[in-house]
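# A structural walkthrough
Below, each chain spelled out in residue letters.
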Amino acid sequence: MSVPLLEVEKLHKHFPVGGRMLRAVDGVSFDLYRGETLGLVGESGCGKSTVARTIVGLYRATAGSVRFEGHELVGITRRHMRPFRRRIQMIFQDPYASLDPRQTVASILAEPLAIHRMGRPRARRLRAMQLLEAVGLNPRHIHRYPHEFSGGQRQRIGIARALALEPDLIICDEPVSALDVSIQAQIVNLLAELQERFNLAYLFIAHDLAVVRHICRRIAVMYLGRIVEIATRDQLFGSPTHPYTRALLSAIPHPDPEVERTRRRIVLPGDVPSPLSPPSGCTFHPRCPERDQVEGERCSREVPELVPLADGRCRACHLPEEREAPLPGSGHPAAQTES
Amino acid sequence: MALLEVKDLRVRFETHHGTVRAVDGVSFDLEEGETLGLVGESGSGKSVTNLALMGLIPSPPGVVEAESVRFKERDLLALPPEELRKLRGNRIAMIFQDPMTSLNPLLTIGRQLTEVLELHKRVSRREARRAAVAGLDDVGIPSPERRLKQYPHELSGGMRQRVMIAMALLCKPDILIADEPTTALDVTIQAQILELMRDLQERHGTAIILVTHDLGVVAGMSNRVNVMYAGRLVESAPAAPLFARPLHPYTAGLLASVPTLDGDPEAQLFSIPGQPPDLAALGEGCAFQPRCDFAVERCATQRPTLDPPLAGEPRLSACFESARLREGFSPAAREEKA
């Protein structure tokens, strides 16, 4: 892997709210490579959707940089943005709200092609039919309206629209959260199949960690506008190192009564604080169950930087690294000295 | 005798598409102090079932019928509205998915809590206030005195759901119907609320009907589980055997579609083919038949009844082919068949 497809560096997005600043995204950095899926997870209000919208230019970044194949996107004009717009597409959570109810599927799918002046109407119609086929819908349903489809089928239409311009990157903002379990699995499998077929990169935003685990090789966990841990799937689910990641994983109920009866749960106290007045230092410190293991007042005074650990992942936490129990057989240096 | 006995409950809505049979012959019992999980996807009829029990289906367009709905020797459907109102919120309480829309935004938390008591318990204002403070304290709300003066918008989602639970439990009901109580909440807040519900049930012994689409939540909370599909109960069993060995293809498919934290992340997720049926155009046979891998010829024309798969077994399945599921269900088995 050479140059990343997408490089996000120290991205900030602040909104003025009643004379104060809401720091929705507060210094987020990550890379995304061609054909890769990066998961961006966190609870409501952590800023994950704002990151997505700032990358595609729906919001203007307050500070920081977004580079696509090395080209800076922050601060460029709409006209210069246009060629990149074609290559970065987005899928939204609510397939009911993101399709125009008065347009037929044919016109929904041909619209991006028309905007980017690609092909004649007849060619566009053929392309629309191909797209429907690619997402597993009947191409003959091209003259139907969104309300004639079920929720899962509408999400397929949203995906087909995102594919129309042959993008390199699709930002998926909670694409399966509004769907029922049996339909959710269909869409997850479809996204995986399309990724392989078209060598797509996905930035996959979700709050459901079990779904993320199925789709993403690398995952970034956000809390109050910042990334607290970014790691490979195996690292994150095998041995989460940030106390928030640990609590998040432990909060997921497991569909097995036996496991649910016996497993240890970490129940975090309190609520996520308001991003209008975030706590000092590490913003997670008021709820952190492991705070007492850091000496002095460091957690409430000093913002922890996102720094690489010995196993290559990054974490923003004052806890000493040596504490972490490595995965068995992971070749972690600490494991070797112990044995 | 069970605390609540529902026999052949039917709810239909007359719409311009035709008659929608939202609940189509549902029967179940709820025992004292147990948690009964009610699982199903959107439109399966799980919420409508509960609204019907509470007499909250608007008519028209809704029509509610049943052989009987017995709660402590009384037939709920035969009660005059005045009597039903005395039970509702008092003996049978309900909490909903979205606490913001179920709390009145114009009244303080205190007023909403004391109103319940004044309505059902004939207590003085002062006593009601004392009970409200105790109720908030019981659900782990810090500084309850101060909260009484606040309005719903001043609280977070998790706190609002705690207020709803406190309100539901004020009259110490026999039954708490919790309809997707944690669906609108973040996972860490969901974990708090589930912990709270487990604790409250242990202390008060309230029977709970827990409606949810989240199989993980059901697994951690329920003694028994009812699975609904297209307005019908398709399986009913104690939680452990249901999750260990589902005997209805829909339950099995649903369980297999859920991504878990311990499955093979590289494997393709199992998915149930097709879409849920149109309730206004259900055929003669089993409603799941068009999506079912186990379907045989008669499934298309004959509707299977909810029976014990083996005589005397303490569980029920509405499937002609339950026996084949006993040998196990796996996506691999489907591929072999294909």
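This structure is a prediction, so every number in the text was calculated from the model and none was measured.

The next point concerns the pattern of salt bridges. For the structure shown, the criterion picks out 45 salt bridges over all chains. A salt bridge links Arg313(A) to Asp311(A); the nearest nitrogen and oxygen atoms lie 3.0 Å apart. Taking the relative accessible area as the measure of exposure, Arg313(A) reaches 2% and is therefore buried. A relative accessible area of 26% means that Asp311(A) is categorised as partly exposed. Each of the salt bridges in this network shares a partner with another, and the network as a whole consists of Asp8(B), Arg10(B), Asp24(B), Arg232(B) and Arg303(B).

The interface is formed by 44 residues belonging to chain B together with 38 residues belonging to chain A. The tally of links from chain B across to chain A stands at two salt bridges. For the salt bridge of Glu266(B) with Arg217(A), the shortest nitrogen-to-oxygen distance reads 3.1 Å. Scanning the region where chain B abuts chain A turns up 19 residue pairs in polar contact (both at pLDDT 80 or more). For the side of chain B that touches chain A, the secondary structure elements donating two or more residues are α8 (187-204), α9 (215-221), α10 (239-244) and α11 (249-257) of chain B. The element best represented in the side of chain B that touches chain A is α8(B), accounting for eight residues.

Once that is clear, we can look at the side chain of His14(A). All names here are of chain A. Note on placement: histidine 14 falls in strand β1 (residues 6-17). Take histidine 14: its relative accessible area is 14%, and that puts it in the buried class. Of note is the side chain of histidine 14, whose polar atom sits 3.4 Å from the side chain of histidine 12. Each residue touching histidine 14, except ones within four places of it in the same chain, is listed here: Met21, Leu22, Arg23, Val25, Asp26 and Thr62.

The next thing to look at is the packing of helix α3 (residues 105-115) of chain A against helix α5 (residues 151-163) of chain A. Residue and element names in this part refer to chain A. Where α3 contacts α5, the two axes come as close as 8 Å, and the packing angle between them is 30 degrees. Taken together, α3 and α5 sit at an angle that is classed as roughly parallel. Crossing geometry of α3 relative to α5 is assigned as right-handed. Here Val105, Ile108, Leu109 and Pro112 of α3 come into contact with α5, specifically with Ile157, Ala160 and Arg161. The class makeup of the residues in the contact of α3 with α5 is six nonpolar, no polar and one charged.

Tallied over the full model, the rule gives eight aromatic pairs over all chains. Ring geometry for Tyr244(A) versus Phe284(A): centroids 5.2 Å apart, planes at 70 degrees, classification edge-to-face. Separated by 40 residues along the polypeptide, Tyr244(A) in helix α9 (residues 243-250) and Phe284(A) in the loop between α10 (257-262) and α11 (298-301) bring together distant segments of the chain. Judged by its relative accessible area of 0%, Tyr244(A) is buried. Between Tyr229(B) and Tyr250(B), the ring centres sit 4.5 Å apart and the planes meet at 50 degrees, which makes this aromatic pair tilted. Of the two residues, Tyr229(B) sits in strand β10 (residues 224-229) while Tyr250(B) sits in helix α11, which places them 21 residues apart along the sequence. A relative accessible area of 4% means that Tyr229(B) is categorised as buried. Classification of Tyr250(B) by relative accessible area gives buried; the value is 0%. In this arrangement the basic side chain of Lys13(A) is found over the ring face of Phe15(A), its NZ or CZ atom lying 5.0 Å from the centre. The positively charged end of Arg213(A) is found above the aromatic ring belonging to Phe237(A), 5.9 Å away from the centroid.

Moving on: the confidence of the model for chain A. All names here are of chain A. With 94% of its residues at a pLDDT of 70 or more, chain A has an overall mean of 89. Mean pLDDT values for the elements of chain A range from 32 in helix α12 (residues 333-338) up to 97 in strand β10 (residues 226-232). Residue range residues 326-339 is modelled with pLDDT below 50. Its contacts to residues more than four positions away, or to other chains, number nine contacts.

In this section: the environment of Val28(A). All names here are of chain A. In this fold, valine 28 is placed in strand β2 (residues 20-32). The spacing of valine 28 and serine 250 is 222 residues in sequence and 25 Å in space, taken between C-alpha atoms. Leave out the neighbours within four places in its chain, and valine 28 touches Val8, Glu9, Lys10, Leu11, Val51, Met222, Gly225, Arg226 and Ile227.

Another point: the sheet that holds strand β6 (residues 88-91) of chain A. Residue and element names in this part refer to chain A. With mixed pairing, the eight strands of this open sheet are ordered in space as β6-β7-β8-β3-β9-β10-β12-β11. With partners counted over all chains shown, the strands left at the sheet margins are β6 and β11 (307-308), one partner each. Alignment of β6 against strand β7 (residues 169-173), held across four bridges, turns out to be parallel. Looking across to β7, one finds that methionine 90 is bridged to isoleucine 171. Contacts between α5 and the sheet are confined to β6 and β7, with β6 contributing the most and set at about 175 degrees to the helix.

All names here are of chain A. Over its 14 residues, helix α4 (residues 121-134) runs 20 Å from end to end, which matches the ideal 20 Å to within 8%, given 1.5 Å per residue. All buried positions along α4 are accounted for by Arg124, Ala128, Leu131, Leu132 and Ala134. Around the axis of α4, the buried residues are gathered within 155 degrees of arc, so they sit on the same side. Exposed residues on α4 whose side chains face more than 90 degrees from its buried face are Arg122 and Glu133. Contact partners of the buried residues in α4: α3, α5 and α6 (181-198). A positive backbone phi angle near 80 degrees is found at glycine 136, which sits one or two residues after α4.

Reading the values: rules and limits
Residues numbered from 1 in each chain as written. Chains lettered and ligands numbered in written order. Predicted model: local features only at pLDDT ≥ 70, side-chain atom pairs only at ≥ 80, totals over all residues. Heavy atoms only, no water. Salt bridge = Lys/Arg side-chain N within 4 Å of Asp/Glu carboxyl O. Buried < 20%, exposed > 50% of the residue type's maximum accessible area, 1.4 Å probe, protein only. Contact = heavy atoms within 4.5 Å. Polar contact = N/O pair within 3.5 Å; in protein donor to acceptor, adjacent residues only side chain to side chain. Helix = DSSP H or I, 4+ residues; strand = E, 2+ residues; numbered from the N terminus. Axes fitted to C-alpha atoms, helices over the stretch in contact; angles between N-to-C directions. Parallel < 35°, antiparallel > 145°, perpendicular 65-115°, else oblique. Left-handed = near helix turned anticlockwise from the far one by under 90°. Nonpolar A, V, L, I, M, F, W, Y, C, P; charged D, E, K, R; others polar. Phe/Tyr/Trp six-rings, centres within 6.5 Å; stacked < 30°, edge-to-face > 60°. Lys NZ or Arg CZ within 6 Å of the ring centre and 35° of its normal. pLDDT = per-residue confidence, 0-100. Pairing = 2+ DSSP bridges. Expected span 1.5 Å × (residues − 1). Arc of directions from axis to C-beta.

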